[in-house]
Number of protein chains: 2
Amino acid sequence: MPHRDERDVLSTLPGYALRRAANAMMSDFATRLGTADLRISDASVLQIIGERTDMTSSEIGKVLDIQRANMVPLVNRLEKAGLIARKPIDRKSSAIVLTSAGLERLATARTITSQFEDALIARIPEQHRQCFVETLNALWD
Amino acid sequence: MPHRDERDVLSTLPGYALRRAANAMMSDFATRLGTADLRISDASVLQIIGERTDMTSSEIGKVLDIQRANMVPLVNRLEKAGLIARKPIDRKSSAIVLTSAGLERLATARTITSQFEDALIARIPEQHRQCFVETLNALWD
DNA sequence: TATTGTTATACTCTATAACTATA
DNA sequence: TATAGTTATAGAGTATAACAATA
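None of these values were measured; they are calculated from a predicted model.

A. Up close: the environment of Val45(A). Residues and elements named next belong to chain A. Here Val45 lies in helix H2 (residues 40-51). Each C-alpha atom, one on Val45 and one on Leu78, is 9.3 Å from the other, the two residues being 33 residues apart in sequence. Contact partners of Val45, with chain neighbours within four places excluded, come to Ile60, Leu64, Met71, Leu74 and Leu78.

This is the structure we're talking about:
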């Protein structure tokens, strides 16, 4: 666990504070998902294709901000784990679809994600919770 | 540039939103610091030892949430670049101190950091700015 | 021509284990 | 005994360039 030091200038800078908060939270999230043998990016992909159908690897990458080239080992790993399958759209592209095992794992991922999100929200002062996601998405858009 | 999609469930989850916002901002910050031949962690170290004197490598690591082992190549690189020097405290430990070149580079890093922080703050809706750092530090503590 | 999927590669960051030497 | 510094190593994320095949 990190410890904040009131002499630490960096704690007053939004950028550094954002970086450290995100690192701490993502480390926690990764540990939780690890119990289901999933990485954060794995869970992200399962969530996406659980919501929207007929997405190609490239499209998923665009939504998740992961480059085409880096989607390849990710999708291959999920396919080897039996969680997703490739469904040809035309001779060039394939949709990434959930298998039944993938659907089950997605349910697990959702449970873990909910628990993580609840724990995260619980750490935010109550009066600030409402604007938090709004603010973060303003930074990402 | 990523594009937010209203159909994207992940945008509604604080954890994912935190992750993507942090990634986008840190990528921007890294690019800016790159013009001064610095990484984010380099700039962090310079900032820290510019504020507090006689800190050892381990102590810097604790403040920055970087492990002892990972401080080694970082400090070595800064030393090779002539930005910091090791000042023996006893036969076991050394304080990491700024050289004159390091002091100059710190000034550059501070300018870049300010510009980056200003750009970041500008993207946050005005009514939410006040609680932003407070909220992030609540997640990190 | 532009896009999709892919391979190969390299760099950064992070994590762990183990060792030496000193406090 | 605990801590500081170090080495080695491995995993994960990310970035670029290049290529073939297809839209």
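Having seen the structure, we can now continue with the description.
B. The arrangement of the protein's contact with DNA strand D in detail. Surveying the vicinity of DNA strand D reveals 20 residues, the closest of which are Arg39(A), Gln67(A), Asn70(A), Ser58(B) and Lys92(B). Protein-proximal atoms of DNA strand D, defined as those within 4 Å of the protein, fall in sugar or phosphate at a share of 60%. Those elements that provide at least two residues to the surface near DNA strand D are helix H4 (68-80) of chain A together with helix H3 (57-64) and helix H4 (68-80) of chain B. Considered class by class, the residues forming the surface near DNA strand D number 3 nonpolar, 9 polar and 8 charged.

C. A look at the protein's contact with DNA strand C. In the vicinity of DNA strand C lie 20 residues, with Ser58(A), Arg68(A), Lys92(A), Gln67(B) and Asn70(B) positioned nearest. A share of 58% is what sugar and phosphate atoms reach among the atoms of DNA strand C within 4 Å of the protein. Contact between DNA strand C and Ser94(A): a phosphate oxygen at 3.4 Å from a main-chain N or O atom of the residue. For the surface near DNA strand C, the elements supplying multiple residues, two or more each, are helix H3 (57-64) and H4 of chain A together with H4 of chain B.

D. Focus on the pattern of salt bridges. This model, assessed by the stated rule, comprises 10 salt bridges over all chains. Between Glu79(A) and Arg86(A) there is a salt bridge, and its shortest N-O distance comes to 2.3 Å.

E. How the structure looks around the nonpolar core. With 81 residues, the main nonpolar core has Leu18(A), Ile60(A), Leu18(B) and Ile60(B) as its most contacted residues. Excluding its chain neighbours within four sequence positions, the residues that come into contact with Leu18(B) are Leu18(A), Ala21(A), Ala22(A), Met25(A), Leu120(A), Phe132(A), Leu136(A), Leu136(B) and Leu139(B).

F. Molecular detail of the relation of the copies chain B and chain A. When chain B is fitted to chain A, the best match, at an RMSD of 0.1 Å, comes from turning it 180° and sliding it 0.0 Å along the axis. Between the two chains, the operation in question is that of a two-fold axis. Identified as the residue of chain B closest to the rotation axis by C-alpha distance is Ala22(B), at 3.1 Å. Mapped onto chain A, 100% of the interface residues of chain B again fall at the interface, so both copies present the same surface.

G. Here's a closer look at the layout of surface pockets. All names here are of chain A. For the second largest pocket, the calculated volume is near 230 Å³. Surrounding the second largest pocket, Thr56, Ser57, Ser58, Arg68, Val72, Val75, Arg86, Lys92, Ser93, Ser94 and Ile96 form its lining. When residues in the lining of the second largest pocket are grouped by element, the largest group, 3 residues, is from H4. The residue makeup of the lining of the second largest pocket, split by class, is 3 nonpolar, 5 polar and 3 charged.

H. Representation of unusual backbone geometry. The backbone of Asp37(B) sits at a positive phi, close to 60°, despite the residue not being glycine. Examined against the element boundaries, Asp37(B) turns out to sit in the loop between helix H1 (14-34) and helix H2 (40-51).

I. Here's a closer look at the packing of aromatic side chains. This structure, assessed with the given rule, holds 4 aromatic pairs over all chains. Put simply, the rings of Tyr16(A), Phe29(B) and Phe116(B) pair up and form one aromatic cluster. The ring of Trp140(B) has Arg20(A) sitting right over it, with the charged end atom 4.3 Å from the ring centre.

How each quantity is defined
Counting restarts for each chain: residues are numbered from 1 in the order of the written sequence. For this description, chains carry letters from A and ligands carry numbers from 1, given in the order in which they are written. Since the coordinates come from a predicted model, pLDDT governs what is reported: local features require at least 70, and pairs of side-chain atoms require 80 or more to be given and counted, while whole-chain, interface and lining totals use all residues. Computation of side-chain values covers all heavy atoms of the structure but excludes hydrogens and water. Under the scheme used here, helices are H or I runs from DSSP no shorter than 4 residues and strands are E runs no shorter than 2 residues, and both carry numbers assigned from the N terminus. In this description, contact between two residues means that some pair of their heavy atoms is separated by no more than 4.5 Å. Put simply, a residue is near a molecule or strand once any heavy atom of it comes within 4 Å of that molecule or strand. When residues are grouped by polarity, Ala, Val, Leu, Ile, Met, Phe, Trp, Tyr, Cys and Pro land in nonpolar, Asp, Glu, Lys and Arg in charged, and all others, Gly among them, in polar. Identification of polar contacts relies on pairs of N or O atoms within 3.5 Å, with a donor-acceptor requirement for protein atoms, meaning one able to donate a hydrogen and the other able to accept it, and with residues adjacent in sequence counted only if both atoms are side-chain atoms. For this document, the term salt bridge refers to a Lys or Arg side-chain nitrogen within 4 Å of an Asp or Glu carboxyl oxygen. We define the nonpolar core as a collection of buried residues of types Ala, Val, Leu, Ile, Met, Phe, Trp, Tyr and Cys that are connected through side-chain atoms lying within 4.5 Å of one another. For every residue, the accessible area obtained with a 1.4 Å probe (protein chains only) is divided by the maximum for its type, and the residue is called buried under 20%, exposed over 50%, and partly exposed between those limits. Least squares is the method for superposing the copies, and the C-alpha atoms it fits come from residues with pLDDT of at least 70 in both. Two kinds of site are reported from a 1 Å grid over the protein atoms alone, namely cavities, where a 1.4 Å probe fits but cannot get out, and pockets, open sets with protein on both sides within 12 Å along at least five of seven lines, and residues are called lining when an atom falls within 4 Å of a point. Grid points are joined across faces, edges and corners, and a volume is the space filled by probe spheres set on the points. Pairing of aromatic rings covers Phe, Tyr and Trp, the last through its six-membered ring, and needs centres within 6.5 Å; plane angles under 30 degrees mean stacked, over 60 mean edge-to-face, and all others mean tilted. A ring is considered to have a charge above it if a Lys NZ or an Arg CZ atom is located within 6 Å of its centre and within 35 degrees of its normal.

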